[in-house]
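Coordinates in review
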Amino acid sequence: MSSHHPEQAAEQAADRLPEPAEDAPQEQPVARMGMFGARTTGDTSGYGGLVVRRRPKLSSERPYGGPEGAAEAGAFDAVADALESALPEFGDAVERVVADRGELTLHVRREHLVSVARALRDRPELRFELCSGVSGVHYPDDAGAELHAVYHLLSITHNRRIRLEASCPDADPHLPSLVEVYPTNDWHERETWDFFGIVFDGHPALTRIEMPDDWVGHPQRKDYPLGGIPVEYRGAEIPPPDERRSYV
Amino acid sequence: MSPSTKYTEYDAYAADDAAEGRVFDAGGQDWDRIVKEAADAGEERLVVNMGPQHPSTHGVLRLVLTLDGETVTDCRVGIGYLHTGIEKNMEFRTWTQGTTFCTRMDYLAPIFNETAYCLGVERLLGITDAIPERAQIIRVMMMELNRISSHLVAIATFGLELGATTVMLNGFIEREYTLDLFEEITGLRMNMAYVRPGGVAQDLPSGAMSKLQDYLDRMPKRFRALRKLMDDNPVYKARTVDVAYLDLTGCMALGITGPVLRSTGLPWDLRKSQPYCGYETYDFEVATQTTSDVYGRYLVRMKEMEESLRIVEQCVERLQTVKGPVMIQDKKIGWPAQLAIGADGMGNSPRHIAHIMGTSMEALIHHFKLVTEGFRVPAGQAYAAIESPRGELGVHVVSDGGTRPYRVHFRDPSFTNLQATPAMAEGGMVADVIAAVASIDPVMGGVDR
């Protein structure tokens, strides 16, 4: 922290999250500091000392367990086994597997995303018929994989859920489109392009969906501010709220 | 208005004429002139912009229809007119404040938005099993009441769009009674922010149980009346039977859930298949139809309302015996929830106030930190899905370990289901587009978020 006031520094120290164990790989030690943009000692709310540490990348070992927990082999292991037998390139395609809070996440390399999704949909022992769309997440500190796309798949046949996560660097924001496997992702991928700027290669018509067609920038990214954007409406420009005329 | 301004001569589309063919501005009232112009032009193919200000498009939905006579040959859907940046805003508020935002997404089903979000947050916190039973019962009861009010609007507005004011009035009257219950219990008719991470905002007020009983006595008769009005109504059936067909394959490919999916015969209801909030302990049936058409979806909704009433009945019964807190007992998460209306009309917890203001400085500090800064949620991500009136409402919550969400994404069923409009409408008559959209029951607040 940049605080020079000893009293506040002590207060901030008391407010910090517990230090993680030394052996834990700490890739980016601090993910976020302060709240509501408070950076200086002028802040009296106590938010200024808030330090949020980045958690190391998780990776689970077998057994993955099931929705009830990872004590013994369960539904998640069945999914992983079936996918492994269906995909010869499994080791290549799946970067790591995370079983956390009763949910299974497969981190898939983008080159293999379509083949993984196709296997998950078509194999009788997998049968993830329904995709619940794409959710983008922006991790500016995750160098080389800033943009993540998260897919939640549902198997009605086996009554299971799993999550696929693919990532791409900010410098090359391309992911393969899953529309040919799950047509429902049409709008979801447009939304993720609109909000995060991830280009889904192979999408039939990747255009903005929520923001106006001529909008500049991708609003859900972490480097995009909340508010502060003048709005143009029929030729008239309306300034952002903090720049409007004040009546006080 | 200055005398030189003549709106009749205003032609905003003059520049587009050359690029896109002849453009007719149908914004005014002189329909005879427009029809004559269109006839003179002699074009077979007509592109019509339905919406975004068309009353039957459920808010601000824009449909671009290519018509050949009265047949729709091409249908494109434009959305985004009601985008409010709720997901972005939630990243700048505490986890508890998030309910106040997300309740405004799908404004016909606010309790569902809140519950889905709270289930996601609770899963991240790992406190799913620590939610008090009374809070779970109240959540289920509120959700089912909300399902009734939402389906009533779906059926009522659908009637209006087909030209039947009676259906609209009947549906909205009953919805008013449901909203009165919400007002009694939460203080607000809509956008209540009532369900909070850890439980609900406050316990039921003293008069609520008798009002709920009145409601339970009243509604079965009213549902029967609605059914009498609609079920065998030849006009209604002529507009809905075999219209906007979408079978199971189509639903799976397009990710359709909810009444539209159940009208194909698949009894997929998350309340049964992946229960949450204790739904496995309630006795109810999943409504299905096999016709895959608009009429089938209507029947599914009617049956669901009747089943919801059954669940509410069971909730009321349980609430009479199950007492106790309605908020998690973990003081690091739960806000005071045993509120009483004071002389100033504000809901306060007098005992809590006496405690923090009178006896314990630490409790005051703690309360201040909990309310202003909020609680921390361990880093990670979770997905929680519930069965909203329109289908699977999923929420993807990501935490970086802080007191604010790192990312919240809602998989709103209206958004996903609306993609089925072209599949339902193309090849049909232009009048059936209205029926198709109405049977999806999209709420644009949820679509655009």
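In this text the structure is predicted, and so the values were computed from the model without any measurement.

Counting its secondary structure elements, chain B contains 19 helices and 10 strands. For a compact globule of 449 residues, the expected C-alpha radius of gyration is about 22 Å, and chain B comes in at 25 Å, within 12% of that figure. Each principal axis of the C-alpha atoms in chain B carries an extent, and together these give about 85 × 55 × 45 Å. Look at the contacts in chain B between residues 6 or more apart in sequence, and 68% of them connect residues 24 or more apart. Approximately 18,400 Å² of chain B is accessible, and the part contributed by carbon and sulfur atoms is 55%. One way to put it: in chain B the 45 positive side-chain charges average out to a point 6 Å from where the 58 negative ones average out.

A few words now on the overall build of chain A. Along chain A, the regular secondary structure elements total 5 helices and 11 strands. Put simply, chain A has 248 residues, and 46% of those count as buried. Taking the contacts inside chain A whose residues are at least 6 apart along the sequence as the reference set, 51% of them involve residues at least 24 apart.

This part takes up the layout of surface pockets. If you add up the space inside the second largest pocket, you get close to 970 Å³. As for the second largest pocket, its lining consists of 33 residues, of which Pro67(A), Gly102(A), Arg123(B), Gln274(B) and Pro275(B) are closest to the centre. When residues of the lining of the second largest pocket are traced back to their parent elements, those giving at least two are helix H2 (75–86), strand S4 (103–108), strand S6 (147–155) and strand S7 (160–168) of chain A together with helix H5 (110–125) and strand S8 (380–388) of chain B. Considering each element in turn, the lining of the second largest pocket owes the most residues, 4 residues, to S7(A). Of the residues belonging to the lining of the second largest pocket, the class tally is 13 nonpolar, 10 polar and 10 charged.

Membership of the largest hydrophobic core comes to 106 residues, with the highest contact counts inside it found for Tyr117(B), Met141(B) and Tyr194(B). With near-sequence residues (within four places) excluded, Met141(B) lies in contact with Ile185(B), Leu204(B), Leu212(B), Val312(B), Cys315(B), Val316(B) and Leu319(B). Core analysis: the next-biggest nonpolar cluster, separate from the first, contains 42 residues, Ala80(A), Leu113(A), Ala117(A) and Ala119(A) among them.

Rules of the game
Residues numbered from 1 in each chain as written. Chains lettered and ligands numbered in written order. Predicted model: local features only at pLDDT ≥ 70, side-chain atom pairs only at ≥ 80, totals over all residues. Heavy atoms only, no water. Helix = DSSP H or I, 4+ residues; strand = E, 2+ residues; numbered from the N terminus. Rg over C-alpha atoms; globule rule 2.2 N^0.38 Å. Contact = heavy atoms within 4.5 Å. Areas by Shrake-Rupley, 256 points an atom, 1.4 Å probe, with all protein chains shown as cover. Lys, Arg positive; Asp, Glu negative; His and termini not counted. Charge placed at Lys NZ, Arg CZ, Asp CG, Glu CD. Buried < 20%, exposed > 50% of the residue type's maximum accessible area, 1.4 Å probe, protein only. 1 Å grid on protein atoms, 1.4 Å probe; cavity = no way out; pocket = protein on both sides within 12 Å on 5 of 7 lines; lining within 4 Å. Points joined across faces, edges and corners; volume = space filled by probe spheres on them. Nonpolar A, V, L, I, M, F, W, Y, C, P; charged D, E, K, R; others polar. Core = buried A, V, L, I, M, F, W, Y, C linked by side-chain atoms within 4.5 Å.

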